[in-house]
Amino acid sequence: MSKAVSTKTGDAQSGAPLFKSDALHLAFCVVGVVGSLLLYGVLQERIMTIPYGEGANADVFKYSLFLVFCNRAVAATIAAITLVVKGRTDELRPVAPILSYASVSLSNVVATTCQYEALKHVTFAVQTLGKCAKMFPVMIWGYFILKKRYTMRDVALAVCITGGCFIFFMTGNTISRVAQDKNSSMFGVLLMMGYLSADGYTSTFQQKMFKGYQMTSYNQVLYVSLCSLALSSFGLVTSGQLSSTLAFISRHPDALSAMILLSCASSCGEQHTAAPGSRQQGTCRRKRSSCCCINSSTLATRDRLRLQARHSVWTAELSEQQQQLLAGSPTTCTL
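I will try to describe carefully the structure that is included in this document. (Residues numbered from 1 in each chain as written. Predicted model: local features only at pLDDT ≥ 70, side-chain atom pairs only at ≥ 80, totals over all residues. Heavy atoms only, no water.)

Observations regarding the overall build of the chain
On a plain count of helices and strands, the chain comes out with 12 helices and 0 strands. Each helix (α) and strand (β) of the chain, taken in turn from the N terminus, gives the series α-α-α-α-α-α-α-α-α-α-α-α. Per-residue burial over the chain gives 44% buried out of 335 residues. Pairs at least 24 residues apart make up 84% of the contacts formed inside the chain by residues separated by at least 6 positions. Carbon together with sulfur atoms contributes 66% to the accessible area of the chain, which is approximately 17,500 Å² in total. (Helix = DSSP H or I, 4+ residues; strand = E, 2+ residues; numbered from the N terminus. Buried < 20%, exposed > 50% of the residue type's maximum accessible area, 1.4 Å probe, protein only. Contact = heavy atoms within 4.5 Å. Areas by Shrake-Rupley, 256 points an atom, 1.4 Å probe, with all protein chains shown as cover.)

In structure tokens form, the structure reads like this:
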């Protein structure tokens with residue numbers, strides 16, 4: 001999942017501790033991250049790859065910008081409410097220049113849109129595992145923006161991880177279930193490359209903002225999300241997706257509830273990710289990616305078994321009808 005913004009560990013650790021044991025606190029955060037983002041992954045795949053409705057009325061949701069709009073609206077609302085509840089109303093004002101927030105917002109909107117669009121062309125497992133190749137873009141952006149220097153060990157590790165993703169892509173099934181062109185998986189990979197590049201810039205520039213300004217993660221979430229709301233709204237209106245999205249929701253109201261739950265799961269996962277240290281955050285994300293891939297495989301197996309069962313029923317009915325036709329008795333085809 002492309003994250004709305006990076007969260008600062010100090011925010012979660014300020015105030016009275018909720019847990020006496022650091023291990024218990026970490027376990028709670030791991031469960032929160034894995035549970036929330038696992039739900040996010042399931043809903044993301046359900047919204048973008050499984051049709052709403054049945055038969056001739058079945059529609060596949062195609063409007064990624066509206067999902068970005070929902071995500072940012074929920075994130076901004078939660079950030080504002082949190083600041084008010086904690087009595088930090090002074091942080092409701094921008095700390096950094098608006099252009100700095102807008103820079104992070106633009107790259108985040110591009111990354112999230114590419115992430116959702118990729119599901120139209122590649123499987124969820126490919127999309128999730130492809131995020132492991134984010135190390136290279138982050139290292140490149142960190143070199144130029146933060147002036148970081150990396151050892152050969154860091155480069156070798158990035159090469160190994162990226163190589164593993166490439167092998168998976170070359171040897172496994174990569175085509176999305178809703179792909180209209182069976183050769184479109186390469187376009188899905190290009191979208192994932194766009195996601196990785198934009199998301200790498202997002203996380204790197206956020207670190208620069210945290211170092212350059214005295215701001216909390218809630219302040220950054222609030223203003224980055226507000227800028228993203230403006231950008232996604234502009235995109236929805238100018239591309240004509242707004243009217244199409246509203247028409248889709250009017251035909252399938254249950255889609256809107258899934259989108260809102262998706263946004264809530266994303267924001268909840270980010271709040272839990274803020275609590276552990278950076279090393280523990282990586283552990284949480286890796287566990288989440290593994291669970292998402294396993295869950296995606298389980299859902300795909302379930303759908304395949306349902307199709308096989310339905311095919312068996314249809315075959316049995318057709319066989320019975322053929323026997324009746326051969327016997328000379330009229331029948332009505334139910335296929």
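Here we look at the packing of helix α4 (residues 98–118) against helix α8 (residues 185–212)
With their axes 8 Å apart at the nearest point, α4 and α8 run at an angle of 155 degrees to one another. Here α8 runs roughly antiparallel to α4, going by the angle between their axes. Remark: the crossing between α4 and α8 carries left-handed chirality. Between α4 and α8, the residues in contact are S100, Y101, S103, V104, S107, N108, V110, A111, C114, Q115, E117 and A118 and G188, L191, M192, G194, Y195, A198, D199, Y201, T202, F205, Q206 and M209, respectively. (Axes fitted to C-alpha atoms, helices over the stretch in contact; angles between N-to-C directions. Parallel < 35°, antiparallel > 145°, perpendicular 65-115°, else oblique. Left-handed = near helix turned anticlockwise from the far one by under 90°.)

A look at the packing of aromatic side chains
What the rule picks out here adds up to 8 aromatic pairs. Between the aromatic rings of F66 and F69, the centroid separation amounts to 6.1 Å while the plane-to-plane angle is 20 degrees, which identifies the pairing as stacked. Of the two residues, F66 and F69 both sit in helix α3 (residues 64–85), 3 residues apart, roughly one turn of that helix. Plain terms: the ring middles of Y201 and F205 are 5.5 Å apart, the flat faces sit at 20 degrees to each other, and that makes the pair stacked. Linking Y201 with F205, this pair stays in helix α8, spanning 4 residues, or about one helical turn. By relative accessible area, Y201 is classed as buried at 19%. In this structure F205 comes out as buried when scored by relative accessible area, which is 15%. In this structure an aromatic cluster arises from ring pairing among Y52, F61, Y63 and F248. Directly above the aromatic system of Y52 lies the positively charged group of R46, at a separation of 3.8 Å from the ring centroid. (Phe/Tyr/Trp six-rings, centres within 6.5 Å; stacked < 30°, edge-to-face > 60°. Lys NZ or Arg CZ within 6 Å of the ring centre and 35° of its normal.)

Considering the packing of α4 against helix α9 (residues 217–239)
As a packed pair, α4 and α9 sit with axes 8 Å apart at the nearest point and diverge in direction by 65 degrees. Judged by the twist between their axes, the crossing of α4 over α9 is right-handed. For the pair α4 and α9, contact is made by I98, Y101, A102, V104, S105, L106, N108 and V109 and by N219, Q220, Y223, V224, C227, S228 and L231, respectively.

Structural notes on the side chain of Q220
Here Q220 lies in helix α9. Here Q206 takes part through its side chain, which lies 3.3 Å from a polar atom of the side chain of Q220. (Polar contact = N/O pair within 3.5 Å; in protein donor to acceptor, adjacent residues only side chain to side chain.)

What to know about the nonpolar core
With 26 residues, the main nonpolar core has I47, F61, L67 and M259 as its most contacted residues. Elements that contribute at least two residues to this core include exactly α2 (22–49), α3, α4, α10 (241–251) and α11 (254–273). Excluding anything up to four places from it in sequence, L67 contacts I47, M48, F61, Y116, M259 and L262. Judged by nonpolar contacts, the second largest core, of 20 residues, contains A76, Y101, L222 and V224. (Core = buried A, V, L, I, M, F, W, Y, C linked by side-chain atoms within 4.5 Å.)

Let's talk about the environment of D59
Inspection of the secondary structure puts D59 in the loop between α2 and α3. In this structure the C-alpha to C-alpha distance between D59 and F248, which are 189 residues apart in sequence, comes to 8.1 Å. Residue contacts for D59: discarding those within four places in its chain leaves P51, Y52, F248, R251 and H252. Only 3.1 Å separates the side chain of D59 from the side chain of H252, close enough to count as a polar contact.

The values reported here are purely geometric and, on their own, carry no functional implication.
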